[in-house]
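Summary of structural features
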Amino acid sequence: VASLRSTTTTASGVITYPYNYSKINRKSGVLQIYMVGSLTGLAAGAPLAASVDGKIVAVGESFETPAGMQFGIILPPASLSGTHAYVQLFAVSDGSTLAPLASAGR
């Protein structure tokens, strides 16, 4: 993330179940790999990127539902290898410019 260009945006997001990234219980056999949540200020189809501990690990796009604008990105299980993680969601513009939308964990 640090090596990519960054910008600001008026858009924002909320990650559902953010506490699942603060305490990862690998022994439970359940990992919150499906990072989901809501968005404001973005149109459907907006490119998104997800990072875990500062590394981009997955991409996706926003989509419209009856409840409003949403996102859903599957994180690679290996990216959640510790007992806690810091996840971030970014809007992507120009292919490599990131604007932070939401974060959770650590």
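Quick note: structure is the one above.
As the structure is a computational prediction, the values presented were derived from the model and not from experiment.

Section: the environment of Q32
Tracing the sequence through the fold places Q32 in the loop between β2 (12-15) and β3 (34-40). Separated by 58 residues in the primary sequence, Q32 and F90 place their C-alpha atoms 18 Å from one another. If sequence neighbours within four positions are ignored, Q32 has contacts with N20, Y21, L75 and L80. Within the structure, Q32 has its side chain in polar contact with the side chain of N20 (distance 3.3 Å).

Some points on the pattern of salt bridges
Evaluated as defined, the whole model comprises one salt bridge. Among the salt bridges present, the one from R106 reaches D53, with a minimum N-O distance of 2.8 Å. Residue R106 is located in the segment after β9 (97-105), and its partner D53 is located in the loop between β4 (47-52) and β5 (55-61); the two are separated by 53 residues in the primary sequence.

Considering the sheet that holds β9
Strand order in this open sheet of five strands is β1-β9-β8-β4-β5, and the pairing throughout is mixed. Unpaired on one side and paired on the other, β1 (5-6) and β5 mark the two borders of the sheet. Bridge count between β4 and strand β8 (residues 86-93): five bridges; the pairing is antiparallel. Residue L48 lies in a different strand from β8, and its bridge partner there is A91.

Here's the deal with the environment of Q88
By the secondary structure assignment, Q88 is in strand β8. With 70 residues separating them along the chain, Q88 and P18 place their C-alpha atoms 11 Å apart. Sequence-distant contacts of Q88, that is, excluding residues within four places in its chain, are made with M35, A49, A50, S51, A102 and S103.

Considerations on the nonpolar core
Grouped together as the largest cluster of nonpolar side chains are 25 residues, with contacts concentrated most on M35 and L89. Counting only elements with at least two residues in this core, the list comes to β3, β4, β7 (68-74), β8 and β9. In terms of residue count, the dominant contributor to this core is β9 (four residues). With residues up to four places along the chain from it excluded, the contact list for L89 reads M35, L39, L48, A49, F71, I73, A99, P100, L101 and A102.

Points about the pairing of β2
The two faces of β2 differ: G13 and I15 on one face are buried, but S12 and V14 on the other face are not. Here β2 pairs with β3 via four bridges, running antiparallel. The residue bridging I15 from the neighbouring strand is G37, located in β3.

Focus: the sheet that holds β3
As summarised here, the arrangement of the four strands in space is β2-β3-β7-β6, forming an open sheet in which the pairing is antiparallel. Among the strands making up the open sheet, the edge pair consists of β2 and β6 (63-65). On average, each strand axis in the sheet is tilted by 40 degrees relative to the strand beside it, whichever way the strands run.

What counts, and at which threshold
- Residues numbered from 1 in each chain as written.
- Predicted model: local features only at pLDDT ≥ 70, side-chain atom pairs only at ≥ 80, totals over all residues.
- Heavy atoms only, no water.
- Helix = DSSP H or I, 4+ residues; strand = E, 2+ residues; numbered from the N terminus.
- Contact = heavy atoms within 4.5 Å.
- Polar contact = N/O pair within 3.5 Å; in protein donor to acceptor, adjacent residues only side chain to side chain.
- Salt bridge = Lys/Arg side-chain N within 4 Å of Asp/Glu carboxyl O.
- Pairing = 2+ DSSP bridges.
- Core = buried A, V, L, I, M, F, W, Y, C linked by side-chain atoms within 4.5 Å.
- Buried < 20%, exposed > 50% of the residue type's maximum accessible area, 1.4 Å probe, protein only.
- Axes fitted to C-alpha atoms, helices over the stretch in contact; angles between N-to-C directions.

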